[in-house]
Amino acid sequence: MIEVSAEVRQAIARGTAVALETSVVAQGLPSPRNLEAAKRCANAVREAGGVPAAIAVLAGRIVVGASDADLQRLADPAARPAKAGVRDLAALCATGRDAGTTVSATCAIAAQAGIRVFATGGIGGVHRRASIAEPLDVSSDLLEISRQRVCVVCAGPKAILDLPATAEALEALAVPVLGYRTSELPAFYTDGSGIELEHRFDDAASLARALRIHWDDLRLASGVLVCVPPPSPVPGAEVERAVADAMREAVRRKISGKEMTPFLLASLAQATAGRTLSANLDLLENNARIAGEIAAALARPG
């Protein structure tokens, strides 16, 4: 069920492949910014010495190394591609669907394909609740990162989440959270969470050494979260006000489940006159570049 392109297959053998999700193309960003993001991320990975491997579901087949034409197909809103978490993959394949892969699905497929580094924007986590009566909503991203041997390079959890609860969940799942040139857990495209990180690395080579020790010497089975501060952050206080307004509107419209995150992110982009969208594009490209550097460092004898 998994088709790996020739270029990506060679990169996996060298250790320089970098997985990229495609939910950002199918659902996460409006057109034409979605394809712009995909192009910027792929170019950034290559400039850093890696090979991009966009992962998607196309006509019921899982593709590792989706082409430009494949991404154009996912970007077409008229085609209504699905949003694939890891739990959805078998059903989508069985029914011949197209889908963009989220963090959880991309992480799972990357691990099966032998890709050790994955770049994304912000990860999912523990969602905020409008009231204590609401059921707890926890993204499958966290569990999947905890059980796949993949280094996930991100800008921390999305700012729309309950950040302290997400940090606690990562600790409970024994996922190492490593700051890259930061000692604070980034909060996606904002200027910080205020949550201190215990471990910091300032270059790709030392971070690659920590990954080798984690997987090869200690033989630990979990993934590793590498958190990178956004290069062009939006003030956190402004984002918090916009999140509160968007949460109230989501309750009024009865929006929940997989529709919540795209709705909230679109609401924030509107409330900040597009600045969160620009910040998101910048951090996606930055994370992809750093992931390429990490993959290249891991591929070198160490």
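These figures come from a predicted structure and were not determined experimentally.

Parameters at a glance
Residues numbered from 1 in each chain as written. Predicted model: local features only at pLDDT ≥ 70, side-chain atom pairs only at ≥ 80, totals over all residues. Heavy atoms only, no water. Helix = DSSP H or I, 4+ residues; strand = E, 2+ residues; numbered from the N terminus. Buried < 20%, exposed > 50% of the residue type's maximum accessible area, 1.4 Å probe, protein only. Contact = heavy atoms within 4.5 Å. Lys, Arg positive; Asp, Glu negative; His and termini not counted. Charge placed at Lys NZ, Arg CZ, Asp CG, Glu CD. Pairing = 2+ DSSP bridges. Right-handed = clockwise from strand over helix to strand, strands pointing away. Core = buried A, V, L, I, M, F, W, Y, C linked by side-chain atoms within 4.5 Å. Axes fitted to C-alpha atoms, helices over the stretch in contact; angles between N-to-C directions. Parallel < 35°, antiparallel > 145°, perpendicular 65-115°, else oblique. Left-handed = near helix turned anticlockwise from the far one by under 90°. Nonpolar A, V, L, I, M, F, W, Y, C, P; charged D, E, K, R; others polar. 1 Å grid on protein atoms, 1.4 Å probe; cavity = no way out; pocket = protein on both sides within 12 Å on 5 of 7 lines; lining within 4 Å. Points joined across faces, edges and corners; volume = space filled by probe spheres on them.

Engineer: Give a description of the overall build of the protein that names residues and reports values.
Structural biologist: In terms of regular secondary structure, the protein is built from twelve helices and eleven strands. Dimensions of the protein, computed from the C-alpha atoms along their principal axes, are close to 55 × 45 × 30 Å. Across the 302 residues in the protein, those meeting the buried criterion constitute 55%. Nonlocal contacts in the protein, meaning residues at least 24 apart in sequence, comprise 75% of its contacts between residues at least 6 apart. Within the protein, one finds 32 positive and 33 negative side-chain charges whose respective centroids are separated by 4 Å.

Engineer: Tell me what's going on with the pairing of strand β2 (residues 17-20), and back it up with residues and numbers.
Structural biologist: By the alternation rule, side chains of β2 split into A17 and A19 and V18 and L20, which are all buried. When β2 meets strand β3 (residues 51-58), the two strands line up parallel, connected through four bridges. Bridging from a neighbouring strand, A17 pairs with V51 of β3. Sheet topology note: the β2/strand β7 (residues 117-119) ladder contains three bridges and is parallel. Its bridge partner being in β7, L20 is matched across the sheet by A119.

Engineer: Please provide a residue-by-residue account of the pairing of strand β8 (residues 151-154), values included.
Structural biologist: Residues C151 and V153 point to one face of β8 and V152 and C154 to the other, with burial holding for every one of them. Here three bridges tie β7 to β8, and the two strands are oriented parallel to one another. From the neighbouring strand, F118 faces β8, where its bridge partner is V152. Regarding topology, helix α7 (residues 140-147) serves as the crossover connection from β7 to the parallel β8, and that connection is right-handed.

Engineer: So what's going on with the nonpolar core? Which residues, and what values?
Structural biologist: I115, V153, L225, V226 and I294 are the most contacted members of the largest nonpolar core, which has 107 residues in total. If you tally residues by element for this core, the top one is helix α12 (residues 275-299), at twelve residues. Once residues lying within four places of it in the same chain are set aside, the contact partners of L225 are I123, I145, V152, C154, L170, V175, P176, V177 and L178.

Engineer: Tell me about the packing of helix α3 (residues 33-47) against α12, residues and numbers included.
Structural biologist: Across the interface, α3 lies against α12 with an axial gap of 7 Å and an inter-helix angle of 25°. As far as their axial angle goes, α12 and α3 are roughly parallel. When the axes of α3 and α12 are compared, the crossing they make is right-handed. In this structure, α3 contributes R33, E36, A37, R40, C41, A44, V45 and E47 to the contact, and α12 contributes L277, S278, L281, D282, L284, E285, A288, R289 and G292. In terms of residue class, the contact of α3 with α12 is built from eight nonpolar, two polar and seven charged.

Engineer: Before we move on, can you summarise the layout of surface pockets with the specific residues and values?
Structural biologist: Considering only enclosed or pocket space, the largest pocket measures out at about 690 Å³ in volume. Along the walls of the largest pocket sit 34 residues, with K83, T102, S139, D141 and T261 positioned nearest its centre. The set of elements that each furnish at least two residues to the lining of the largest pocket consists of α2 (23-28), β5 (82-84), α6 (103-113), α7, α11 (260-271) and α12. The leading source of residues in the lining of the largest pocket is α2, at four residues.

Engineer: Tell me about the packing of α3 against helix α4 (residues 68-75), and please be specific about residues and values.
Structural biologist: Across the interface, α3 lies against α4 with an axial gap of 10 Å and an inter-helix angle of 150°. Here α3 lies roughly antiparallel to α4, going by the angle between them. Both α3 and α4 take part in a crossing whose hand is right-handed. Where α3 abuts α4, its residues N34, L35 and A38 lie against L71, Q72 and A75. Per-class residue counts for the contact of α3 with α4 are four nonpolar, two polar and no charged.

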